Amino acid sequence: MALAVMLLNGTSFHGGCCRHKVLLSSLGPLLSNSKLYSSYRRPGAEPEKKLSWQNADFSFKKSIDHLKTQLSLLKKETQDYLKGPGGNPLSRHLMEQTRVLWQFRSQEDLNKWVISSDVEIGGKSKVYIKLGRNNQAALLYGTLNTEVPRDGETKYSGYCSMRSRPEVGSFNRKKYYDWSNFNSLYLRVRGDGRPWMVNIYTDPYFSHQKDDLYSYFMFTRGGPYWEEIMIPFSKFFLSSRGRVQDNQHPVWLDKTLGFTIGDKVDGPFQLEIDFIGLVNDRAHKEKFAYEAYDKNTPV
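Structural notes, computed from the coordinates. This is a predicted model, so every value here is computed, not measured. (Residues numbered from 1 in each chain as written. Predicted model: local features only at pLDDT ≥ 70, side-chain atom pairs only at ≥ 80, totals over all residues. Heavy atoms only, no water.)

### Topic: a nonpolar patch on the surface
Nonpolar side chains collect at one region of the surface, where Phe60, Ile64, Leu67, Leu71 and Leu74 lie side by side and expose about 430 Å² of accessible area between them. As for its placement among the helices and strands, Leu74 is situated in helix α3 (residues 60-83). (Patch = residues over 30% accessible without salt bridge, like charges linked within 9 Å, V, L, I, M, F, W, Y side chains within 5 Å. Areas by Shrake-Rupley, 256 points an atom, 1.4 Å probe, with all protein chains shown as cover. Salt bridge = Lys/Arg side-chain N within 4 Å of Asp/Glu carboxyl O. Helix = DSSP H or I, 4+ residues; strand = E, 2+ residues; numbered from the N terminus.)

### Here's the deal with α3
Between its first and last C-alpha, α3 extends 35 Å over 24 residues, near the 34 Å set by a 1.5 Å rise per residue. Gly84 lies just past α3 and shows a positive phi near 150°. (Expected span 1.5 Å × (residues − 1).)

### Some details on the pattern of salt bridges
Think of it this way: side chains of opposite charge can pair up when their charged atoms draw near. Inspection of the entire model under this criterion finds 11 salt bridges. Asp211 serves as the salt-bridge partner of Arg241, at 2.7 Å between the closest nitrogen and oxygen. In this pair, Arg241 is assigned in the loop between β10 (237-240) and β11 (243-244) and Asp211 in the loop between β7 (195-201) and β8 (212-219), connecting sequence segments 30 residues apart. A residue is classified by how much of its surface remains accessible, and Arg241, at 65% relative accessible area, is exposed. A relative accessible area of 25% means that Asp211 is categorised as partly exposed. Overlapping salt bridges, with partners in common, bring together Arg105, Arg188 and Asp274 in one network. (Buried < 20%, exposed > 50% of the residue type's maximum accessible area, 1.4 Å probe, protein only.)

### A closer look at the nonpolar core
Counting 37 residues, the largest nonpolar core has Phe104, Leu185, Phe233, Leu257, Phe259 and Ile276 as the members making the most contacts within it. In terms of residue count, the dominant contributor to this core is strand β13 (residues 267-279) (five residues). When sequence neighbours within four positions are dropped, the list of residues in contact with Phe104 reads Asp109, Leu110, Trp113, Leu131, Asn135, Gln136, Ala137, Ala138, Met162, Ile273, Asp274 and Ile276. (Core = buried A, V, L, I, M, F, W, Y, C linked by side-chain atoms within 4.5 Å. Contact = heavy atoms within 4.5 Å.)

### Focus: the pairing of strand β12 (residues 257-261)
Most of β12 sits inside the fold, with five of its five residues counted as buried. In this structure, strand β5 (residues 160-164) lies alongside β12, joined through four bridges in antiparallel fashion. Bridging across to β12, Ser161 finds its partner in Thr260. Relative to β12, β7 is paired through four bridges, and the arrangement is antiparallel. Bridging from a neighbouring strand, Asn199 pairs with Gly258 of β12. (Pairing = 2+ DSSP bridges.)

Okay, structure coming up:
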């Protein structure tokens, strides 16, 4: 199903042929009942005028070209897999102590991230991202506004976030990070003194896990100087919809990363990020910082 939809979405028919209309009418009920379409609409969001499958165009030639591109990507992924983890020899993978994940030096680097704010739920916060001075960092800035939208449903507002786009392999397959050799996140940032949350997002296998994420605090000191922050992965705690969960367990190091500001203080903010990397800190021996216990202790 995913491959069929991917090929259909990337193509278009030309000329007076009407076969695509027949195909659309036959595939419409199937696609509308699948996971590609949801009738749920968040408060403040405008209703969709068309279903997702109604925007699909068809072209046999473009489908073949798209298929060739995906097969070439699959070939490269197979070659990298045979070389070793991440396309590197196994010896290099085992001895790796540091790794730079994201470095912001061009617009292409910024395109690997997506920004969002409470505008999605009817809020008034604003967030932007651009390259910093001399194209040496990412500058995340905007204005926080905690005014709650008057929709009768939303109770809290006032947040802005920046989140990495998940990596996608051939045929739109999800690709996961391999951070198993490292135990700490390493960042070089320059903020304005406001606190941030560093988030590691989960990949939900079940619908009730879609709001789960692992978080830890990042306090910026403000001023003209850069600061280097190292956060052990053992410090990240599990929360869901803003509530810390009783059942805590270590984070799986294969997910996307993000930053969120929501300190309930109206006004401008800014955060410069030079790079984001990983470190294997041999001095850090802690496996997990929080108590893990059995909620159903046998009597």
